[in-house]
Amino acid sequence: GENVEQHPSTLSVQEGDSAVIKCTYSDSASNYFPWYKQELGKRPQLIIDIRSNVGEKKDQRIAVTLNKTAKHFSLHITETQPEDSAVYFCAASRRTDKLIFGTGTRLQVFP
Amino acid sequence: GAVVSQHPSWVICKSGTSVKIECRSLDFQATTMFWYRQFPKQSLMLMATSNEGSKATYEQGVEKDKFLINHASLTLSTLTVTSAHPEDSSFYICSARGYLQETQYFGPGTRLLVL
């Protein structure tokens, strides 16, 4: 079945550094790729998403890139801050189908 | 906009009892709602997808008689865990999506503890 692999599982960075999380999807028909941030005990919150007709999207310190040929997409966080510490999940779907989630990346930003 | 609420936020019950969890979309019409289960330090596991007015579609391995889902209106879906057992203890999260929309908005989750 469809699968989304996510790496790394944990990531520790110094405040101000950049963080990159990578995902690979198996279903070549996937065309919607959201990223969610989940703080401990709270709901996942959408932070950015990208559709397959776009290669890159940016929102302030957050950017997502998509390589359809390689079936890769990545989340880039620049100038990290302690409040960026959380678990980040990537996901993929075919438009309005169900989301297939990655296994999550625990990001820790040290002051 | 796109606010989803869930009630209760936490519940403790005795083994053998049934528990109902409500998921509401507060400011949009949710034609589709999803129910997930999340174990500590793990990803979201989709249990079922429900479309307003029709029967839910369950993922493989999820017992539909154990986890009853009702999506009777465009703003409310319920998940009933029947005859709950300790192994049903988990964090249950719903999400909602509007008509022909891709983005899912999540509820705050319900922490269930079965004693």
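Residues numbered from 1 in each chain as written. Chains lettered and ligands numbered in written order. Predicted model: local features only at pLDDT ≥ 70, side-chain atom pairs only at ≥ 80, totals over all residues. Heavy atoms only, no water.

What about the pairing of strand E1 (residues 4–7) of chain B?
All names here are of chain B. To keep it simple, the criterion reads: Burial classes follow relative accessibility: with a 1.4 Å probe on protein chains only, a residue under 20% of its type's maximum area counts as buried, one over 50% as exposed, and anything between as partly exposed. Helix and strand definitions here come from DSSP, where helices need a minimum of 4 consecutive H or I residues and strands a minimum of 2 consecutive E residues; each element is numbered from the N-terminal end. The rule for pairing is simple: two strands pair if DSSP sees at least two bridges between them.
Because side chains alternate across E1, one face comprises the buried residues Val4 and Gln6, and the other comprises Ser5 and His7, none of which is buried. When E1 meets strand E3 (residues 19–25), the two strands line up antiparallel, connected through four bridges. The residue of E3 that forms the bridge with valine 4 is serine 25.

Some remarks on the environment of A:Leu66
Note the following rule: Contact criterion: two residues are considered in contact whenever any of their non-hydrogen atoms come within 4.5 Å of each other.
Within the secondary structure layout, A:Leu66 lies in strand E7 (residues 62–67). Not counting the four nearest positions on each side in its chain, A:Leu66 is found in contact with A:Tyr25, A:Phe33, A:Ile50, A:Arg51, A:Ser52, A:Val54, A:Gly55, A:His72 and A:Phe73.

A few points about the sheet that holds E3(B)
Residue and element names in this part refer to chain B. Basically, it comes down to this: Angles run from 0 to 180 degrees between N-to-C directions of axes, and those axes are lines fitted to C-alpha atoms, restricted for helices to the stretch in contact.
Read from one edge of the open sheet, four strands run E1-E3-E8-E7, paired in antiparallel fashion. Each edge of the open sheet carries a strand with a single partner, namely E1 and strand E7 (67–73). Ignoring strand direction, the axes of neighbouring strands in this sheet form an average angle of 15°.

Observations regarding the pattern of salt bridges
Should the charged atoms of two oppositely charged side chains come close, the side chains can pair. Worth spelling out the cut-off: Note on definitions: salt bridges are taken to be side-chain nitrogens of Lys or Arg within 4 Å of carboxyl oxygens of Asp or Glu.
Under the defined criterion, the tally for this structure stands at nine salt bridges over all chains. With a shortest N-O distance of 3.7 Å, A:Glu39 and A:Lys37 are connected by a salt bridge. With a relative accessible area of 36%, A:Glu39 lands in the partly exposed category. The shortest N-O distance in the salt bridge between A:Arg51 and A:Asp49 comes to 3.8 Å. Taking relative accessible area as the criterion, A:Arg51 reaches 30% and is therefore assigned partly exposed. You can call A:Asp49 buried: its relative accessible area is 8%. Among the ionic contacts, a cluster of salt bridges with common partners joins A:Asp49, A:Arg51, A:Lys57 and B:Glu102.

Observations regarding the interface of chain B and chain A
Under the convention used in this document: Here's the idea: put two parts together, see how much 1.4 Å probe accessible area each one loses, and the total over both is what we call buried area. Each residue gets one label: Ala, Val, Leu, Ile, Met, Phe, Trp, Tyr, Cys and Pro are nonpolar, Asp, Glu, Lys and Arg are charged, and the others, such as Gly, are polar.
Taken together, the contact between chain B and chain A spans 22 residues of the former and 20 residues of the latter. Both sides together, the interface formed by chain B and chain A hides about 1,700 Å², and carbon and sulfur atoms give 50% of it. Looking only at chain B, the three residues that lose the most surface to chain A are B:Ser43, B:Glu102 and B:Phe106, adding up to 33% of its buried area. Counting residues per element, the ones that place at least two in the side of chain B that touches chain A are strand E4 (32–38), strand E5 (44–51) and strand E9 (90–97) of chain B. Residues of the side of chain B that touches chain A, tallied by class, amount to ten nonpolar, seven polar and five charged.

Brief notes about the packing of aromatic side chains
Residue and element names in this part refer to chain A. The condition that has to hold: The pairing test for Phe, Tyr and Trp rings, Trp by its six-membered ring, is centres within 6.5 Å, and the orientation test on the planes gives stacked under 30 degrees, edge-to-face over 60, and tilted for anything in between.
For the structure shown, the criterion picks out 13 aromatic pairs over all chains. Here tyrosine 25 and phenylalanine 73 contribute two aromatic rings whose centre-to-centre distance is 6.0 Å and whose plane-to-plane angle is 55°, an arrangement assigned as tilted. With a gap of 48 residues between them, tyrosine 25 in strand E3 (residues 19–25) and phenylalanine 73 in strand E8 (residues 72–77) connect regions that are remote in the sequence. According to the relative accessible area criterion, tyrosine 25 is buried, its value standing at 4%. Classification of phenylalanine 73 as buried rests on a relative accessible area of 0%.

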